[in-house]
Amino acid sequence: MAKHPVGIEGSGGIEGSSDHASFEAKAYDDDVTGPEAAWWSERRQAARSYAAGYETPGSDAHFYARRLELVCRLVQDCPAGTVLDAGCGPGILIERLQRTLEAPFQIVGLDVDPGMLLEARDRVGPRDDVRFVRGSLDDLPLPSGSFDVALALGSLEYTDVARSLSELARVTRPGGTVIVSMLNPRSPYRLCERLIQRLRNSPSAHPFMPRIERLYTVEQIGALLRGNGLLPDRIVYYDMNLCPPPFDQRFPRFAQDVAERFEFLARSPLRALGTAFVVRCRIPRAGS
Ligand SMILES: C[S@@+](CC[C@H](N)C(=O)[O-])C[C@H]1O[C@@H](n2cnc3c(N)ncnc32)[C@H](O)[C@@H]1O
């Protein structure tokens, strides 16, 4: 029997969640035995190793810390309500939002990877105001117009972006907010990564880093957002990492120090060189 279902059944505040989501969710548990256990253990390990990047000294820790700060600030400006964290990974943003949001929010964490969901559930602990759902951003198993805020941070790089944005727009109510992030393909850091990927003929320079070909410029993302009825009202670049790969991986503390010292450039005319950006959008109300 599942001791710890990862599901949305019984969720308060998220009305009409589909049977598909509940059914899928109930099928996952960390008490699996037999041949499946190795697969589960591998997924859990991958999730833990990703989560460790937030705390291990290095440029990744700087990158994640900046994004957390920035997104918490942007969500803080939204009125209380329901939040979807799509591609929630190990739940670090959810845990931070719980700690920092002043207004009461109901949060749904969604991910395609059950290992990430289990990690997120353990991090967040039992709470009435947080639920987890297994599903894909490309086909969200959630009702239309059910969220006040929808977030996709560090996840669009792995999905069909146009499809995911259309799904985020669908599940967010008119007047609601959508916040997405994207790695910036124009930053010198990403250009170095691209060079390394080419030289090594490797899909990625980092286990959780998607191929740079999947990255979109701010203009491309803007066009896709507008095409899906989302109106960008704030673009913020972050992470002015001046220590290029692979040096930042070799000298992680030095790289973090350099990144912290130069982060002020993200508020200068050079900001568009940041390694990533966040876009906040509004969904217009009917007639506005
Ligand atoms: C780089 S991690 C980011 C996790 C988290 N948002 C964070 O900022 O720490 C990317 C996450 O997207 C999830 N993901 C990838 N493809 C997805 C999809 N099609 N639908 C939902 N989640 C997906 C992965 O399982 C992973 O947890």
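Residues numbered from 1 in each chain as written. Predicted model: local features only at pLDDT ≥ 70, side-chain atom pairs only at ≥ 80, totals over all residues.

Student: Account for unusual backbone geometry, with residues named and values stated.
Tutor: Residues Pro245 and Pro246 are joined by a peptide bond in cis, for which omega reads 5 degrees. Position of Pro246 among the secondary structure elements: in the loop between strand 6 (231–238) and helix 9 (247–250). Located in the positive-phi region is Asp239, a residue other than glycine, with phi close to 65 degrees. Mapped onto the elements, Asp239 comes out in the loop between strand 6 and helix 9. Classification of Asp239 by C-beta neighbours within 10 Å gives buried; the count is 26. (Helix = DSSP H or I, 4+ residues; strand = E, 2+ residues; numbered from the N terminus. Buried ≥ 20, exposed ≤ 12 C-beta atoms within 10 Å, placed from the backbone.)

Student: Could you give an account of the sheet that holds strand 5 (residues 172–183), naming the residues involved and the relevant values?
Tutor: Read across the sheet, seven strands follow the order 3-2-1-4-5-7-6 without closing on themselves; strand pairing throughout is mixed. Since the sheet does not close on itself, it has two edges, and those belong to strand 3 (130–134) and strand 6, each with one partner. On average, each strand axis in the sheet is inclined to that of its neighbour by 15 degrees, with strand direction left out of account. As paired strands, strand 1 (residues 81–86) and strand 4 (residues 147–152) are joined by three bridges and run parallel to one another. (Pairing = 2+ DSSP bridges. Axes fitted to C-alpha atoms, helices over the stretch in contact; angles between N-to-C directions.)

Student: Could you give me a rundown of helix 7 (residues 188–200), with the residues and numbers involved?
Tutor: Given 3.6 residues per turn, any residue in an α-helix points the same way as the ones three and four places further on. With 13 residues, helix 7 should reach 18 Å at 1.5 Å per residue; the first-to-last C-alpha distance of 18 Å fits that figure. Turning to helix 7, its buried residues number three or more, namely Tyr189, Arg190 and Glu193. Burial along helix 7 is one-sided: seen end-on, the buried residues are contained in an arc of 95 degrees. Residues of helix 7 that are exposed and point more than 90 degrees away from the buried face comprise Arg198 and Leu199. Of the surrounding elements, those touching the buried residues of helix 7 are strand 5. Phi turns positive one or two residues past the end of helix 7, at Asn201, with a value near 50 degrees. (Expected span 1.5 Å × (residues − 1). Arc of directions from axis to C-beta. Contact = placed C-beta atoms within 7 Å.)

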